[in-house]
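# Understanding the architecture of this molecule
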Amino acid sequence: MEVLAGQKHKHLEFTLVAVSELSSPSVPPPSTPVIARFSADSGVAELRFRQDSGFIDGFNVNLGTAQLFKLGPLKSLCISGSSDSNKEKSFARGVTVLFRNEEESRDFHSAFEQWQNEDVTQGMHLPNGAISDVKSKFDNKIEPSSAKMYFHYYGQLLHQQNMLQDYVRTGTYYAAVIENRADFTGRVVVDAGAGSGILSLFAAQAGAKHVYAVEASEMAEYARKLIAGNPSLGQRITVIKGKVEEVKLPEKADILISEPMGTLLVNERMLESYIIARDRFLVPKGKMFPSVGRIHMAPFSDEYLFVEIANKTLFWQQQNYYSVDLTALHGSAFQGYFSQPVVDAFDPRLLVSPPMSHVIDFNEAKEEDLYEIDIPLKFVASVGTRVHGLACWFDVLFNGSTVQRWLTTAPGAPTTHWYQIRCVLSQPIYVMTGQEITGQLHMVAHNAQSYTINLTLSAKMWGPGAEQGGIIQSSSCKLHLKEPYYRMSQPQPYTTAQDQQPLQLLQPQDIPIHTDDLEEPKLLQQPLENSGALLQ
C-alpha cells in the first residue's frame, strides 16, 4: 500500500496479484503486478486499475455507487456502474480482485470504506450530476426502529430454523425449483431476501449458472458459512449483504426467487421489495418464483373465539381492584382486544360461505399498488348463524415451464408457520341461509412494515321484499396487522347443526384465476394436477 505524498487521500495505491471481470474465465495471474489506485482527480472518488505504465480500459469503479464483497481470504468482488459520465449508464458490472495476503485484503477493504465515508456521504456529485441519496427507497418509507427489529429477527438462526422446519413451505419451494430444472439450468438467478441461503442452494441444485443471494440482515454471514459448507454448489453462489433496494449486481437475472410472504400475504411489506428486485434485476420476461399471490376471504362463525376475546376484558370491569375502580378503561380495553387479528389454524367448517379471492400478479404489479389495497366483499351465506368476522388465508403460484405448483395456507390443508388470520368483529351480525353479505376490506400500509385494516361486513335484506335491496345490519372494526393475537391452542371440536351442510373448501387448483386478473391465459387452461402437493 502506498499513499502518495503531498495531499492527504489524494491518491492511494495497492499492489494486487490480479484483477478480472466476473464474467471472464479464470486466467493465470499476469507476469507483472496490477496496481489498484484510489483517487479523486476529477472531483469524483474512483478506483482504477493500472498495469505496467497504463490504466486498464473499462475497469474504472465509481466509489459513489460501488460495493465491495469478500469472496474469500484473498479474493473480493467489487460491483459498480460505469464511472464514465459520457456513457449511458448501463447495468452494474463486477470485478474480482485477488490479493497477495490477508493483511492487504483487510487494508484494501478498510480503505474502500474510508473513501466512501469521507467523500460519498458529503454530497459528492455523481457522474450524471445528481447528488447521491443518503437514504434508499426502503429507508425513506420504513421507520428505523422497525427495520432494526425486522433485520435483527431474521438475523437469528432460531427463526430461520422455524421457517426451514415448515416442511410445507420448504418442501413446496424445493419441488417447484427441482421439478422446473429447465427454467434454472444455465441461468442467472437472484435470491431476494435470501435468509439462510436455502433457496439459492436449491437453485444451484437445479443447475443455475450463478446465483446472487441478497440478504440485508446478519444472516448473510451464516448463509456464507452454509454455502461454503456445500462447495460443489457454493462455487456458483455469491452472497451479497445489503438491501435489494440498494445493492448492485454485475449482471441481469433470468429468474428471481424469493419467499416474500407474510401473514395475510402482505404483512412485513416484503412484497414491495420483491417487486423492486424484479424491476432492478430481472431481464424482460424473466421468471418469478412465485409469480402470483392470492388472498382468500370468507365470513366465519366462531362463538368460542368471540367469547374468549370478550372475556379478556373482564379484568377491567372490576370496581374494587385494590380499592381502585377500573371500569373507566373497560371500553378502551374492549376495543383494543378486538383490534388484534387472530393468527391460528381453524376448522374450515366455521366458514359461513364459499371464499372469494383477490389476485396480485407479481409480474405486473407496481410497488405503489401495495401501499393501499381495497377489496370489495360479497358472499352468500350457506347457513343461518351469527357472523363473527372475516377469515383470510393466501396461496402463491410457482408458474414453472414444466410444473405449476401452489403453496397454500388454507384451513384444512397442512398447517404452515403462517397459519390463517381472522378479523373479529366486536359486534357480530346475524344472517339466514341464502342471505347476501357485503362489505369492504381496506388495508393501508404504514412505516412500521405492516398494515392498518378497516373491515366492514353488512347483511342485506332477506326474505319478502329483498328485491328492494338495502342493508339491515352492519358492523365495522379497525385492526392492526402488526399486533396480532397468536392463538396457537388446539381448535375446539365443532359440531354441525342439523340444518347446516358442511362447506367443501376449495383447493387452490379449483379456484380459477380470471382473465381480468391476469394477462397470461395459459394459467387458466386446465386444473393443475400437482398443485399444493408436498414433496415426498
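As recorded in an unreviewed UniProt entry, the protein chain goes by the name type I protein arginine methyltransferase, listed as coming from Gossypium tomentosum.

On to the overall build of the protein chain. Looking only at helices and strands, one finds 12 helices and 26 strands in the protein chain. Residues classed as buried in the protein chain amount to 51% of the 536 residues present. When contacts within the protein chain are restricted to residue pairs at least 6 apart in sequence, long-range pairs at least 24 apart make up 73% of them.

Under the defined criterion, the tally for this structure stands at 20 aromatic pairs. Here Tyr 173 and Phe 398 contribute two aromatic rings whose centre-to-centre distance is 4.8 Å and whose plane-to-plane angle is 70°, an arrangement assigned as edge-to-face. Of this pair, Tyr 173 sits in helix H5 (residues 167–178) while Phe 398 sits in strand E20 (residues 385–399), and the two are 225 residues apart along the sequence. Tyr 173 gets classed as buried once you look at its relative accessible area, which sits at 1%. Look at Phe 398 and you get buried, because its relative accessible area is 1%. Aromatic pair Phe 394 and Trp 418: ring centres 5.4 Å apart, planes at 75°, arrangement edge-to-face. Pair noted here: Phe 394 is in strand E20 and Trp 418 is in the loop between strand E21 (404–408) and strand E22 (420–431), with a separation of 24 residues, a long-range link. When sorted by exposure, Phe 394 lands in the same class as Trp 418, which is buried. Connected via pairs of aromatic rings, a cluster forms that spans Phe 14, Phe 38, Phe 99, Phe 108 and Phe 112. Just above the ring of Phe 306 sits the side chain of Arg 386; from NZ or CZ to the centre is 5.5 Å.

So, about helix H7 (residues 198–205). Burial within H7 is extensive, with 7 of its 8 residues counted as buried. Within H7, burial applies to Ile 198, Leu 199, Ser 200, Leu 201, Phe 202, Ala 203 and Ala 204. Downstream of H7 by one or two residues, Gly 207 has phi in the positive range, about 100°.

You can see Asp 166 is positioned in the loop between helix H4 (157–164) and H5. The contacts of Asp 166, once residues within four sequence positions are left out, are Thr 415, Thr 416, His 417 and Trp 418.

Okay, the sheet that holds strand E23 (residues 436–446) next. If you walk across this open sheet you meet the 4 strands as E19-E23-E24-E25, and the pairing is antiparallel. Edge positions in the sheet fall to strand E19 (372–380) and strand E25 (471–480), since each has one partner strand and no second. Strand-to-strand twist across the sheet, computed as the mean angle between neighbouring axes with direction ignored, equals 15°. As judged from the 10 bridges shared by E23 and strand E24 (residues 450–460), these two strands associate in the antiparallel manner. Each bridged residue has a counterpart across the sheet, and for Leu 441 the counterpart in E24 is Leu 455.

Overall, parallel pairing links the 5 strands, which are arranged E13-E12-E11-E14-E15 in an open sheet. The open sheet terminates on both sides in strands that have one partner only, identified here as strand E13 (237–241) and strand E15 (282–289). Averaged over all pairs of adjacent strands, the angle between their axes in this sheet comes to 25°, without regard to strand direction. As paired elements, strand E11 (residues 188–192) and strand E14 (residues 253–258) share 4 bridges and run parallel to each other. Residue pairing across strands places Asp 191 opposite Ile 257, the latter belonging to E14.

All right, on to unusual backbone geometry then. Going from Phe 289 to Pro 290, the amide bond is cis rather than trans, its omega being 5°. The topology assignment puts Pro 290 in the loop between E15 and strand E16 (292–300). Of note in the backbone geometry, Leu 264 takes a positive phi value of approximately 60° without being a glycine. Relative to the helices and strands, Leu 264 resides in the loop between E14 and helix H10 (270–281). Owing to a relative accessible area of 3%, Leu 264 belongs among the buried residues under this scheme. Of note, the phi angle at Tyr 419 is positive, near 55°, even though the residue is not glycine. Along the chain, Tyr 419 falls in the loop between E21 and E22. Classification of Tyr 419 by relative accessible area gives partly exposed; the value is 26%.

The rules we used
- Residues numbered from 1 in each chain as written.
- Predicted model: local features only at pLDDT ≥ 70, side-chain atom pairs only at ≥ 80, totals over all residues.
- Heavy atoms only, no water.
- Helix = DSSP H or I, 4+ residues; strand = E, 2+ residues; numbered from the N terminus.
- Buried < 20%, exposed > 50% of the residue type's maximum accessible area, 1.4 Å probe, protein only.
- Contact = heavy atoms within 4.5 Å.
- Phe/Tyr/Trp six-rings, centres within 6.5 Å; stacked < 30°, edge-to-face > 60°.
- Lys NZ or Arg CZ within 6 Å of the ring centre and 35° of its normal.
- Pairing = 2+ DSSP bridges.
- Axes fitted to C-alpha atoms, helices over the stretch in contact; angles between N-to-C directions.

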